[in-house]
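Notes for the structure review
Residues per chain, in single letters:
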Amino acid sequence: MTKILGLTGGIASGKSTADVFFRDKQIPVIDCDQIAHDILNRDEKEKGYELVLKHFGTSILKSDRSINRSELGQIVFNDKKQLEALNGITHPLIFQEIQAKIALNNMNKNSLVVVDAPVLFESNGQKYCDFTLLIAIPESLQMKRLMLRDHLSERAALKRIRSQMPLSQKEKLADFVINNTGTKQDLKSKLEKLLLNIKGEDLYGMS
C-alpha cells in the first residue's frame, strides 16, 4: 500500500526545492499548485475555468480569453471572501485529481508518494496523509524571498503570507518540521536525514 507524505509550508518557504529532492530520489511528487494551475486552463477538460469565470466575471480574462492569474490574485488576496470562493471552486477539483494520481501510484506499487499542498492544513488534507512534513521559515525571511521571487512590494507580499494559516498553528499539526533558514544544500541534507528516519521507522516498508 502506498504511503502518503503531505508536504506543506508557507509561500516561498522552499517546498519546490523539497520537490526536486524527492524526485531525484525517484519518489513521485503530486504538485497541487500545478494541478490548480492546470484546472484553470481553457484547454483542460476540467470545469474549473468555467466555474471561476462564472463567479469572477470576464474582467479577469486576457485578450486570448485565458485567465489573468495576476489579476485574479490581486482580487483574492485583497478580499478574504473572494479567496474563500476561489478555494471553494478549486479545492474539490484539486482533491479529485490528487486521488486519481494516488490511485495510479498505488497501481504502480510505489511505496511512498509526496503530496505538495500549500494549504494542506487549511483544507484539512492531513486526514488523507499517513504523515506530514512542514517546511518552516521565519516570516522576515519568507517576506524577503517572496518579494524577490515574485517582484512584489512589501505590502503585497505580507498580504499573501497572512492569507495562509499562521506557521505556529501548522507546526502543531505537522508530524515533521524542517526549518529552512540556510542554503538549498542545507535543506536537502535535512531532507536526507528525514528520509533515513522514515526508513528506519519502516513507515513505508523500506527498512
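Heads up: the structure comes first, above all this text.
Notes on the structure follow. (Residues numbered from 1 in each chain as written. Predicted model: local features only at pLDDT ≥ 70, side-chain atom pairs only at ≥ 80, totals over all residues. Heavy atoms only, no water.)

Considering the pattern of salt bridges
Applying the stated criterion to the full structure yields five salt bridges. With its nearest N and O atoms 2.9 Å apart, the salt bridge here joins Glu192 to Lys25. Residue Glu192 is found in helix 9 (residues 184-200), and its partner Lys25 is found in the loop between helix 1 (15-24) and strand 2 (29-31); the two are separated by 167 residues along the sequence. Exposure remark for Lys25: the relative accessible area of 37% places this residue in the partly exposed category. Glu139 is paired through a salt bridge with Arg162; the nearest N and O atoms lie 2.8 Å apart. With Glu139 in helix 6 (residues 139-150) and Arg162 in helix 7 (residues 154-162), this residue pair connects regions lying 23 residues apart in the sequence. (Salt bridge = Lys/Arg side-chain N within 4 Å of Asp/Glu carboxyl O. Helix = DSSP H or I, 4+ residues; strand = E, 2+ residues; numbered from the N terminus. Buried < 20%, exposed > 50% of the residue type's maximum accessible area, 1.4 Å probe, protein only.)

Digging into the pairing of strand 3 (residues 112-116)
In terms of residue burial, strand 3 counts as a mostly covered element, since five of its five residues are buried. With five bridges connecting them, strand 1 (residues 3-9) and strand 3 associate as parallel partners. Bridging across to strand 3, Leu5 finds its partner in Val114. (Pairing = 2+ DSSP bridges.)

Looking at the pairing of strand 5 (residues 176-179)
Of the two faces of strand 5, only the one carrying Phe176 and Ile178 is buried; Val177 and Asn179 on the other face are not. Bridge count between strand 4 (residues 131-136) and strand 5: four bridges; the pairing is parallel. Bridge assignment links Leu134 to a residue of strand 5, and that residue is Val177.

Focus: the packing of aromatic side chains
The full count for this structure, using the stated rule, is three aromatic pairs. For the ring pair Phe131 and Phe176, a centre distance of 6.3 Å and an interplane angle of 85° mean the geometry is edge-to-face. Taken as a pair, Phe131 in strand 4 and Phe176 in strand 5 lie far apart in primary sequence, 45 residues in all. The pair formed by Phe131 and Phe176 is uniform in burial state, with each residue classed as buried. (Phe/Tyr/Trp six-rings, centres within 6.5 Å; stacked < 30°, edge-to-face > 60°.)

Things to note about helix 6
With 12 residues, helix 6 extends 16 Å from end C-alpha to end C-alpha; this agrees with the ideal 16 Å at 1.5 Å per step. Among the residues trailing helix 6, His151 stands out with phi positive, at a value near 55°. (Expected span 1.5 Å × (residues − 1).)

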